[in-house]
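Results of the structural survey
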Amino acid sequence: MKHTDAETRALNEAAQSAQTTQKGGWTQAPERSNMLALRFICFMALVCGRHITRLLLPPISLYFLLFAPAPRRQIKRYLFRAIGPHAGWIDGYRLLHAFSSTVLDRVYFLRGRMDLFKITIEGNEPLETEAAEGRGAFLLGAHVGSFEVMGACKHRTQQQGLRLAMLMYPDNAQRITAILNHIAVPEMRPHVIALGRPNSMLALRDWLDDGGLGGMLADRTLPGSEDQPSHHRGNSIVLPFLGQPASFNDGPFRLAALLRRKVFFMAGLYGGGARYDVRFDPLADFAEPPVDAADRERRIRAAVEAYVARLEALCRAYPYNWFNFHDFWLEDAA
């Protein structure tokens, strides 16, 4: 796909502004991962196997439920909204156990051990068409289930050459990223386009133009500076989510509109045991240019609303799959 000089300049400006943006919030949070614990879990997973290593998950989950008050507070708030006021300690434990299960399974996904799991894939046909015809597309997910299970799409879809790049801020998880990259086999090692770098937006454009897919978790508000143009940093849109107003950023959708790509919702849902359900749903089609600025804004907002509605439906149907353990509704600040 060719781009005009104006679009190229806009991408360059967005990349430059990302470099000077004053980051804050969750992207600045220090990594709490303990290197010794991480290495021990990876060692157990690779040497002892999945069944034996899973015996460690109940005490780990119980420990964090009892001795991590801040995440426990956020889990309680979320579960009250997702499943109702009857949510109790056992629900919090189930959520933490599901989270620890997906963390452990990352090791096996990155090792290419898809044979250990029962994986179903739904809604992948339109996505495969975009990739096969060399247009590329955006995949917008959330902190739901497992992202690494997306690697199964390389082996269990008709389009074997699906290429997925993850857009992320890597600086606040350097240690765990280094360990996981070390244990990953080359064909399963994720391709990362780091946000906040001088050439990140241009690298994304080239990746999509080559038929690649760009994946991003869009259920956290992106950091930004108020003196940047809104089409660079995105706008915060307050929408009802699980019965409470919450802020969502439309930056990923603006980028998709600028690059004129289709947007799909992605989720790798953990179903317990060895079961995962990978799902793709169309969210928006920005391939056709907007009629005017008002039409562009309308389409972007409609896409954000569709994303939030899809995320809310998944949280109600699979309440133990949303692993967003920070102050999502900004109640602590209040």
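Below you will find a few notes about this structure. Because the structure is a prediction, the values reported are computed rather than measured.

**Remarks on the overall build of the chain**
- For the chain, the helix and strand inventory stands at 13 helices and nine strands.
- When burial is assessed residue by residue, the chain has 50% of its 334 residues classed as buried.
- By sequence separation, contacts in the chain at least 24 residues apart represent 78% of the contacts at least 6 residues apart.
- Summing over all exposed atoms, the chain offers an accessible surface of approximately 16000 Å²; the carbon and sulfur share of this is 57%.

**Looking at the packing of helix H12 (residues 251-259) against helix H13 (residues 293-317)**
- With their axes 9 Å apart at the nearest point, H12 and H13 run at an angle of 130° to one another. When the axes of H12 and H13 are compared, the pair comes out oblique. The way H12 lies across H13 gives a crossing that is right-handed. Where H12 abuts H13, its residues Phe253, Arg254 and Ala257 lie against Glu297, Ile300, Ala303, Val304 and Tyr307.
- Looking at the contact of H12 with H13 residue by residue, the classes come out as six nonpolar, no polar and two charged.

**Some remarks on unusual backbone geometry**
- One non-glycine residue, leucine 242, adopts positive backbone phi at about 55°.
- A positive phi is found at arginine 260, a non-glycine position, where the angle reads about 55°.
- Looking at the secondary structure, you find arginine 260 in the loop between H12 and strand S8 (262-270).

**Quick word on the nonpolar core**
- By size, the foremost hydrophobic cluster in this structure holds 91 residues, and its most contacted members are Ile119, Phe241, Tyr307 and Leu311.
- The residues contacting phenylalanine 241, other than those within four sequence positions of it, are Ala246, Phe248, Val308, Leu311, Glu312, Cys315, Trp322, Phe328 and Trp329.

**Focus on the sheet that holds strand S2 (residues 137-141)**
- Strand order in the open sheet formed by seven strands is S1-S9-S8-S2-S5-S3-S4, and the pairing between neighbours is mixed. Strands at the two margins of the open sheet, each flanked by one partner only, are strand S1 (118-122) and strand S4 (191-194). Strand-to-strand, the axes of this sheet are offset by a mean angle of 25°, without reference to chain direction.
- The sheet contact formed by S1 and strand S9 (residues 275-285) spans five bridges and is parallel. Paired with threonine 120 across the bridge in S9 is aspartate 277.
- Helix H7 (residues 125-132) contacts S2, strand S5 (213-217), S8 and S9 of the sheet and is inclined by roughly 130° relative to S8.
- Running at roughly 140° to S4, helix H10 (residues 200-209) makes contact with S2, strand S3 (164-168), S4 and S5 of the sheet.

**Some words on empty space enclosed by the protein**
- Tallied over the full model, the rule gives three cavities of 30 Å³ or more.
- Quantified by volume, the second largest cavity comes out at close to 40 Å³.
- Forming the boundary of the second largest cavity are Gln74, Ile75, Tyr78, Leu95, Trp322, Asn324 and Phe325.
- With three residues, helix H5 (residues 69-83) is the single largest residue contributor to the lining of the second largest cavity.
- Here the lining of the second largest cavity is built from residues that sort into five nonpolar, two polar and no charged.

**Description of the packing of aromatic side chains**
- A full pass over the atoms with the stated rule returns 20 aromatic pairs.
- Taken together, the ring pairs connect Tyr78, Phe241, Phe248, Trp322, Phe328 and Trp329 into an aromatic cluster.
- Across from the ring centre of tryptophan 329, 4.5 Å away, lies the NZ or CZ of arginine 81, which sits over that ring.
- The aromatic ring of tryptophan 207 is capped on one face by arginine 163, whose charged end is 4.2 Å from the ring centroid.

**Regarding the packing of H5 against helix H6 (residues 89-110)**
- Where H5 contacts H6, the two axes come as close as 10 Å, and the packing angle between them is 105°. The angle between H5 and H6 places the two elements in the roughly perpendicular class. Between H5, through Arg72, Ile75, Tyr78, Leu79 and Ile83, and H6, the contact on the second element is made entirely by Trp89, Asp91, Gly92, Leu95 and Leu96.

Calculation rules
- Residue positions within a chain follow its written sequence, with the count starting from 1.
- Note on the predicted model: pLDDT of at least 70 is required for a residue's local features to be given, and 80 or more for side-chain atom pairs to be given and counted; whole-chain, interface and lining totals, by contrast, use all residues.
- Side-chain metrics in this entry use all non-hydrogen atoms of the structure; hydrogen atoms and water are not considered.
- Secondary structure elements are taken from DSSP: a helix is a run of H or I of four residues or more, a strand is a run of E of two residues or more, and numbering for both begins at the N terminus.
- Here's how the labels work: a residue is buried when its accessible area is under 20% of the maximum for its type, exposed when over 50%, partly exposed in between, all with a 1.4 Å probe on protein chains only.
- Only heavy atoms matter for contacts: two residues are in contact if any of them lie within 4.5 Å across the pair.
- Accessible areas in this description were obtained via Shrake-Rupley with a 1.4 Å probe; residue shielding takes into account the shown protein chains only.
- Lines are fitted to the C-alpha atoms to define the axes, a helix being fitted only along its stretch in contact, and any angle between axes, read from their N-to-C directions, falls within 0 to 180 degrees.
- If an angle is under 35 degrees, it is roughly parallel; if it is over 145, roughly antiparallel; if it lies from 65 to 115, roughly perpendicular; otherwise it is oblique.
- Crossings are assigned a handedness: left-handed for a near helix turned anticlockwise from the far helix by less than a right angle, right-handed for a clockwise turn.
- Charged residues are taken to be Asp, Glu, Lys and Arg, nonpolar residues to be Ala, Val, Leu, Ile, Met, Phe, Trp, Tyr, Cys and Pro, and polar residues to be all remaining types, Gly included.
- Only buried residues count toward a nonpolar core, which is a set of Ala, Val, Leu, Ile, Met, Phe, Trp, Tyr and Cys residues joined through side-chain atoms within 4.5 Å.
- Pairing between two strands requires that DSSP report at least two bridges joining them.
- Lining residues are those with an atom within 4 Å of a point, where the points come from a 1 Å grid over the protein atoms alone and group into cavities, where a 1.4 Å probe fits but cannot get out, or pockets, open sets with protein on both sides within 12 Å along at least five of seven lines.
- Grid points are joined across faces, edges and corners, and a volume is the space filled by probe spheres set on the points.
- Geometry of aromatic contacts follows a simple scheme: Phe, Tyr and Trp rings, the Trp one being its six-membered ring, pair when their centres are within 6.5 Å, and the pair is stacked under 30 degrees between planes, edge-to-face over 60, tilted otherwise.
- In our convention, an over-ring charge means Lys NZ or Arg CZ found within 6 Å of a ring centre and within 35 degrees of that ring's normal.

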